[in-house]
Amino acid sequence: MDELELRQLRCLVAIVDEGTFTDAAIALGVSQAAVSRTLAGLERVLGVRLLRRTSREVTPTATGLRVVERARRVLADAADLVQEATSGHTRLRIGYAWSAVGRHTVALQRRWTAAHPGIDLQLVRVNTASAGLGEGACDLAVVRRPLEDRRFDTAIVGLERRLCAVAADDPLARRRSVRLADLGGRILLVDRRTGTTTPELWPPESRPVVEETHDVEDWLTVIAAGRGFGVTAESTANQYPRPGVVYRPVRDAEPVAVRLAWWRDDPHPDRQAVVELLTELYRGG
């Protein structure tokens, strides 16, 4: 893999697009011999034959077709990387695990676009502890529990009530609010990677039984079936209303802190602007 080069992929794509080694050489601005050597080098690195050559035409092998498809994507990604690195920050990706910023999500998008028309704001859902930040899927991330990874810094931008999610036919659904004690002895559904609720929210003598789910959709489906309950930040109710699921405030539970996270050694230049906008939105209620 250390020997694989973009110029080799570029050469393969050119041969397939142009139809001959001669035309590929013209398109690339190199000699026909150079095209032949480059393709041979690529086939040697991959250990497979990519093209069938006759006196009249050049056609990809079955493996060659698959490699050409992947090569196009790799070259496009490389071009995007160069564009982003050389043209400044024209895109801002904000990751989140479950529910972005709840009822403030639309306001965030619209106000950002109005104030920063040259920077495209993109929301990316990644169900990991860092909401995609550690995986490189985003530039900033909205998280709702402290990040232990010291590579990241965070700032609290707001607070959200804790809500209990139960099936619509559950007796608790008829109440206006619930207490933690009302939930003891039941099955608590949690996502250990990204969830904001653990059994430690309850006193040791009244903790619920815990079952694990893997995603917000999985979580909602199990709750709607009446097989357990969940406790979540208010934003989940805003972003995921679901027939068969009722959300009720847990009046004796601490609120959930909403944090914006970023790389400590390479913070995005628009980080402070996002912190200020989110703080303003949460303060405005």
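Data block above holds the structure.
Because the structure is a prediction, the values reported are computed rather than measured.

A. Representation of the nonpolar core within the structure. Ranked by size, the top nonpolar core spans 22 residues in total, and within it L92, L260, V274 and L278 carry the most contacts. Ranked by the residues each element gives to this core, the list is headed by helix α8 (residues 271–283), at six residues. Membership of the second largest hydrophobic core comes to 19 residues, among which are L9, C11, A24 and V35.

B. Geometry of helix α5 (residues 105–115). Among the residues of α5, T105, L108 and W112 are the ones counted as buried. Projected down its long axis, α5 shows its buried positions confined to an angular sector of 55°, all on one face. For α5, the exposed residues set more than 90 degrees away from the buried face come down to R110 and A114.

C. The arrangement of the layout of surface pockets in detail. Here the largest pocket is characterised by a volume of approximately 200 Å³. If you trace the largest pocket, you find ten residues lining it, with C138, D139, W263, D266 and H268 closest to the centre.

D. A look at the packing of aromatic side chains. Under the criterion given, the structure shown has three aromatic pairs. Where F152 meets W263, the ring centres are 4.8 Å apart and the plane angle is 75°; that geometry is what we call edge-to-face. Within this pair, whereas F152 is found in strand β6 (residues 152–160), its partner W263 is found in strand β12 (residues 256–263), the two being separated by 111 residues in sequence. F152 gets classed as buried once you look at its relative accessible area, which sits at 5%. You can call W263 partly exposed: its relative accessible area is 23%.

E. How the structure looks around the sheet that holds strand β7 (residues 162–167). With antiparallel pairing, the three strands of this open sheet are ordered in space as β10-β7-β11. In this open sheet, the two strands that pair with only one neighbour each are β10 (230–233) and β11 (245–249). Sheet twist, expressed as the mean angle between neighbouring strand axes with direction ignored, is 35°. The sheet contact formed by β7 and β11 spans five bridges and is antiparallel. Within β11, the residue paired with A167 across the bridge is V245.

So, how was this worked out
Residues numbered from 1 in each chain as written. Predicted model: local features only at pLDDT ≥ 70, side-chain atom pairs only at ≥ 80, totals over all residues. Heavy atoms only, no water. Core = buried A, V, L, I, M, F, W, Y, C linked by side-chain atoms within 4.5 Å. Buried < 20%, exposed > 50% of the residue type's maximum accessible area, 1.4 Å probe, protein only. Helix = DSSP H or I, 4+ residues; strand = E, 2+ residues; numbered from the N terminus. Arc of directions from axis to C-beta. 1 Å grid on protein atoms, 1.4 Å probe; cavity = no way out; pocket = protein on both sides within 12 Å on 5 of 7 lines; lining within 4 Å. Points joined across faces, edges and corners; volume = space filled by probe spheres on them. Phe/Tyr/Trp six-rings, centres within 6.5 Å; stacked < 30°, edge-to-face > 60°. Pairing = 2+ DSSP bridges. Axes fitted to C-alpha atoms, helices over the stretch in contact; angles between N-to-C directions.

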